[in-house]
Amino acid sequence: MERKEFRELTSVEDARELVDTIRVRPGTTILPIEEAAGHILAEDILSGVDVPAFNRSVKDGYAIRAKDSYHASEPQPQELKCIGAIPAGCKDSFFVDDGETIEISTGAPIPGGADAVIMVESTKQTDDSVLIYQPVHIGENIMKAGSDIMKGERILRKNTRMGSREIGVLASIGMDKVPVKRLMVGIISTGSELIKPGEELDISKIYDANSYAIAAAIEECGGTPKIYGIVPDEEELMEETLNRAIEECNIVLTSGSTSAGAGDIMYMIIEKKGETLTHGIAIKPGKPVVIGMIDGTPTIGLPGNPTSALSIFNEFVAPIIYNSLGMKPSFKTKITAVMGTGIRSGGREELFPVGVVRGKVYPADKTSGAITTLSDADGMIEIRAHTEYIEAGSEVEVTMFGNVRSPDLMLVGGQCPGVDLLEEMTGLMFRTLNMGSSAGFTAMSGGTADIACVNMIDAEGNYNSSILKRMNLEDVVLVKGYRREQGIIFKPENHVYGFEDIVNLQMINRNRGSGTRTLLDRELGILAEARGVSKSELIKGLKGYNSGSKTHRSVCDAVRSGKADIGFGIRAAAEEAGLEFIPVAEDDFDFVIRKDLLEIKEVQMFLDALRSGEFSERLPEGMHTYELTGSIISSF
Ligand code: AMP
Ligand code: MG
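Quick summary incoming for the structure in this document. Computed from a predicted model, the values in this text were never measured in an experiment. (Residues numbered from 1 in each chain as written. Chains lettered and ligands numbered in written order. Predicted model: local features only at pLDDT ≥ 70, side-chain atom pairs only at ≥ 80, totals over all residues. Heavy atoms only, no water.)

As for the overall build of the chain
Summing up its helical and strand segments, the chain has 15 helices and 36 strands in all. For the chain, the C-alpha radius of gyration of 35 Å lies well beyond 26 Å, the compact-globule estimate for 636 residues. Relative to its 636 residues, the chain shows a buried fraction of 51%. Across the chain, every contact between residues at least 6 apart in sequence was considered, and the portion connecting residues at least 24 apart equals 71%. As displayed, the chain offers around 29,100 Å² of accessible surface, 48% of which is attributable to carbon and sulfur atoms. (Helix = DSSP H or I, 4+ residues; strand = E, 2+ residues; numbered from the N terminus. Rg over C-alpha atoms; globule rule 2.2 N^0.38 Å. Buried < 20%, exposed > 50% of the residue type's maximum accessible area, 1.4 Å probe, protein only. Contact = heavy atoms within 4.5 Å. Areas by Shrake-Rupley, 256 points an atom, 1.4 Å probe, with all protein chains shown as cover.)

Observations concerning the sheet that holds strand β9 (residues 129-132)
Here we have 6 strands laid out as an open sheet, ordered β7-β4-β6-β5-β9-β8, and mixed in their pairing. Here the strands that pair on one side only, and so sit at the sheet edges, are β7 (116-119) and β8 (123-125). Within this sheet the neighbouring strands show an average axis-to-axis angle of 35°, counted without direction. Sheet analysis places strand β5 (residues 78-86) next to β9, joined by 4 bridges and oriented antiparallel. (Pairing = 2+ DSSP bridges. Axes fitted to C-alpha atoms, helices over the stretch in contact; angles between N-to-C directions.)

Focus: the nonpolar core
V419, Y482, F591, I593 and F606 are the most contacted members of the largest nonpolar core, which has 40 residues in total. Counting only elements with at least two residues in this core, the list comes to β28 (409-413), α7 (417-426), β30 (451-454), β31 (476-490), α12 (552-560), α13 (571-576), β34 (580-594) and α14 (601-611). Looking at this core, the element that brings in the most residues is α14, giving 5 residues. Residues contacting I593, with those up to four places away along its chain left out, are M444, D450, I451, D475, V476, V477, V479, L598, V603, F606 and L607. Core analysis: the second largest hydrophobic core is formed by 36 residues, V19, A215, I312 and A318 among them. (Core = buried A, V, L, I, M, F, W, Y, C linked by side-chain atoms within 4.5 Å.)

Topic: the packing of aromatic side chains
Under the defined criterion, the tally for this structure stands at 7 aromatic pairs. With centroids separated by 6.0 Å and ring planes inclined at 50°, the aromatic side chains of F430 and F606 adopt a geometry described as tilted. Taken as a pair, F430 in strand β29 (residues 430-434) and F606 in helix α14 lie far apart in primary sequence, 176 residues in all. Taken as a pair, F430 and F606 share a single burial class, namely buried. (Phe/Tyr/Trp six-rings, centres within 6.5 Å; stacked < 30°, edge-to-face > 60°.)

Here's the deal with the side chain of S324
Residue placement: S324 occurs in helix α6 (residues 306-325). Looking at S324, the relative accessible area reads 7%, which means it is buried. Not counting residues up to four positions away in its chain, the partners in contact with S324 are R23, V24, P26 and L183.

Remarks on the sheet that holds strand β24 (residues 360-363)
Read around the closed barrel, the 5 strands follow the order β21-β24-β23-β25-β27; overall the barrel is mixed. With direction set aside, neighbouring strand axes in the sheet form an average angle of 55°. In terms of strand pairing, strand β21 (residues 334-339) meets β24 through 2 bridges, oriented parallel. Bridging across to β24, V338 finds its partner in K360.

Quick notes on the site of ligand 1
The local shell around ligand 1 holds 16 residues, among which E193, D208, A209, S257 and N305 are the closest. Residue E193 places a side-chain N or O atom 2.5 Å away from an oxygen atom belonging to ligand 1. Between a nitrogen atom of ligand 1 and a side-chain N or O atom of N210, the distance comes to 3.3 Å. For ligand 1, whose accessible area on its own is 480 Å², the fraction buried by protein is 74%. (Near = heavy atom within 4 Å. Polar contact = N/O pair within 3.5 Å; in protein donor to acceptor, adjacent residues only side chain to side chain.)

Quick notes on the packing of helix α4 (residues 235-248) against helix α5 (residues 266-273)
The contact between α4 and α5 brings their axes to 11 Å, and the two run at 55°. Viewed along their axes, α4 and α5 adopt a mutual orientation that is oblique. Two packed elements cross with a definite hand, and for α4 against α5 that hand is right-handed. Between α4 and α5, the contacting residues are E235, M238, E239, L242 and N243 on the first element and M266, I269, K272 and K273 on the second. Across the contact of α4 with α5, the residue classes tally to 4 nonpolar, 1 polar and 4 charged. (Parallel < 35°, antiparallel > 145°, perpendicular 65-115°, else oblique. Left-handed = near helix turned anticlockwise from the far one by under 90°. Nonpolar A, V, L, I, M, F, W, Y, C, P; charged D, E, K, R; others polar.)

Considerations on the state of the cysteines
Per the stated rule, a full pass over the model turns up 0 disulfides. In this model C90 remains outside any disulfide bridge; the closest cysteine sulfur is found in C82, 14 Å from its own. Left unpaired, C416 is separated from the closest cysteine sulfur, that of C453, by 8.4 Å. Judged by relative accessible area, C416 falls into the buried class, the value being 2%. (Disulfide = S-S within 2.5 Å.)

Quick word on the environment of A66
If you trace the backbone, A66 turns up in the loop between β4 (61-64) and β5. Among all residues touching A66, those that are not within four sequence positions of it are D115, A116, V136, H137 and I138.

Details of α12
Here α12 has its buried residues at H552, V555, C556, A558 and V559. Buried residues along α12 cover an arc of 160° about the axis, so they all sit on one side. On its buried face, α12 sits against β31, β32 (507-508), α10 (515-531), β33 (566-570) and α13. Looking at the residues trailing α12, positive phi occurs at G562, about 90°. (Arc of directions from axis to C-beta.)

Concerning the packing of α7 against α14
At their nearest, the axes of α7 and α14 sit 9 Å apart, and the two run at 115° to each other. Between α7 and α14, the crossing angle belongs to the class labelled roughly perpendicular. By crossing handedness, the relation of α7 to α14 is classed as right-handed. Between α7, through L422, M425 and T426, and α14, the contact on the second element is made entirely by M605, F606, A609 and L610. Here the contact of α7 with α14 is composed, by residue class, of 6 nonpolar, 1 polar and no charged.

Things to note about unusual backbone geometry
The linkage connecting V51 with the following residue, P52, adopts the cis geometry, with an omega of -10°. You can see P52 is positioned in the loop between β2 (45-46) and β3 (56-57). Residues other than glycine seldom take positive phi values, yet N472 does so here, at roughly 55°. Mapped onto the elements of the fold, N472 is located in the loop between α9 (465-470) and β31.

Details of a negative patch on the surface
On the surface, a cluster of negative charge is contributed by E193, D233, E234, E236 and E240. Relative to the elements of secondary structure, E240 occurs in helix α4. (Patch = residues over 30% accessible without salt bridge, like charges linked within 9 Å, V, L, I, M, F, W, Y side chains within 5 Å. Salt bridge = Lys/Arg side-chain N within 4 Å of Asp/Glu carboxyl O. Lys, Arg positive; Asp, Glu negative; His and termini not counted. Charge placed at Lys NZ, Arg CZ, Asp CG, Glu CD.)

Re the side chain of R510
Along the chain, the position of R510 falls in the loop between β32 and α10. We note that R510 is buried and unpaired, the nearest opposite charge coming from D587 at a distance of 8.1 Å. Looking at R510, its side chain comes within polar contact range of the main-chain oxygen of S549, at 3.0 Å. In this structure R510 touches T516, R517, S547, G548, S549, K550, T551, H552, V555 and F568, once residues within four positions along its chain are discounted.

Examining the pairing of β28
Burial analysis of β28 places 5 of its 5 residues in the buried class, the great majority of the element. Note that β28 and β29 share 5 bridges and pair parallel. The partner of L411 across the bridge, within β29, is T432. Of the crossover connections in this fold, the one passing from β28 over α7 to the parallel β29 is right-handed. Examined bridge by bridge, β28 and β30 share 3 bridges and lie parallel to one another. Of the residues in β30, the one forming a bridge with L411 is I451. (Right-handed = clockwise from strand over helix to strand, strands pointing away.)

Okay, here's the thing in structure tokens:
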């Protein structure tokens, strides 16, 4: 097969039009009502019975002839002879004559002769008679047979999605099975690097996320997913599985192998076996999508990246499923929000993933100074062609992904279990981007974070303040946090006696821009001096110095798995991972907060928690508050 250049990208609008023309014919299946939730009714449902099936009482009271109560009043009650009692579910037949009554329970059948029920509160029972204190009219407190649902009545329409209410209605007319549409959607995940969740993770392998995410998304749309599993990047195997899926399903989705890279052959297979309708849509993320038709079966190659795959599914596959099932167009939640930063776009129509924090919208696309990673995106905004820049402060409409709760506070900077504790204590939802202190400062200057979590030491040994000055950050305050023991982390079975051992062992370093890495550099400077060598010379000899793990946790993972012998980080992380720790220094973990947010509820809660005794007590070992914790030490 010949490799092909990536074609001209299709505009989002054209792609939507194309998708709108694609319909498939679902089958029908009968499901027990216990399993029907989420499915789409294949037929109108007519009731085979009256509901209720008999005249029944809606109150606890006495069945009477209404006319026997007409002269009753508080001062002059009417006395009736009580001739029995009818509990709910009672099958015996009774008859009430003039001047008589029968005690009756809610839901019990009305006896012959009676035409009203007086509620128990308006009566008083003596030995074998009942005093009636109020008149009732004919039919009072009686639910007539068929008054809820009449036999033959259409109670549910075809194409209705079955929810709790619908299932309740079916049960109430005695149906235990229901005809629903079955739209089979096959899912094939391609990639020789994929393994099934639950299996042991091997080097160079990643778990197949798409099969399961897409299956859930198909169910959310009322379709029936069929997972074909993982197929390695081999043409023959892919074709074989595709053949099977096309045979068995109404729609076939593949993921991965859609771009024009080496080994990406899905679009060629679709082209060879059928017709390519489009390849490449001007949408971020995930433009390498291919929509084709093989033997009348829509076959869609989704991108491999899980977030891209899901967003393409939502935009271009969900409508096919909805339309084919005859359902109303999707019920997406749209909100109006304000851009928190400007977004530059390519000047063409795009769907742009965004994070939404307290009504502010931030790009979630790495290429545009992302502050939210893709997997953290809350929704998408649509950027029209010819829009090159959307300014901060302008209103945009965001199509939210499902029922996501959008976070209350946006934190960028270093990772720390202390921040997790603050989140737990406030009950707020934080979006934390652990990218190191420098990223925190940058996000503050770009206005894309509410709070930066920073532990950056300067040449004089002071934390954070001078960096804020140097960066000319305005309208922010520095709030002192807490102190953390930092040191070397290693496996118990490795013999490490002190910081100096770092020169002999394979190390895992933190990412550039992390405060912890800066602290390590400082310690290395001191060590170099003690040894009478230059710092750069010392560093040159360190194995693994140029690595860059983003969090303390990932450093510990590397040490635990044996990828590295030694790492540098906080005690809490080492202990959590069951690793040994030798302290080397203590750092200040502080918070930079936007001034205009100091008064908002969420930030107040954050500060209250930070200043509380409970926080101090619950901080993990190796971290402690001190006299400055929670105080605003400088304002910029
Ligand atoms: P591809 O489109 O095949 O080039 O894949 C793009 C990226 O997504 C690669 O990093 C793949 O490893 C990853 N990927 C592909 N399929 C899956 C999947 N089913 N689950 C998780 N990641 C995937
Ligand atoms: Mg692949």
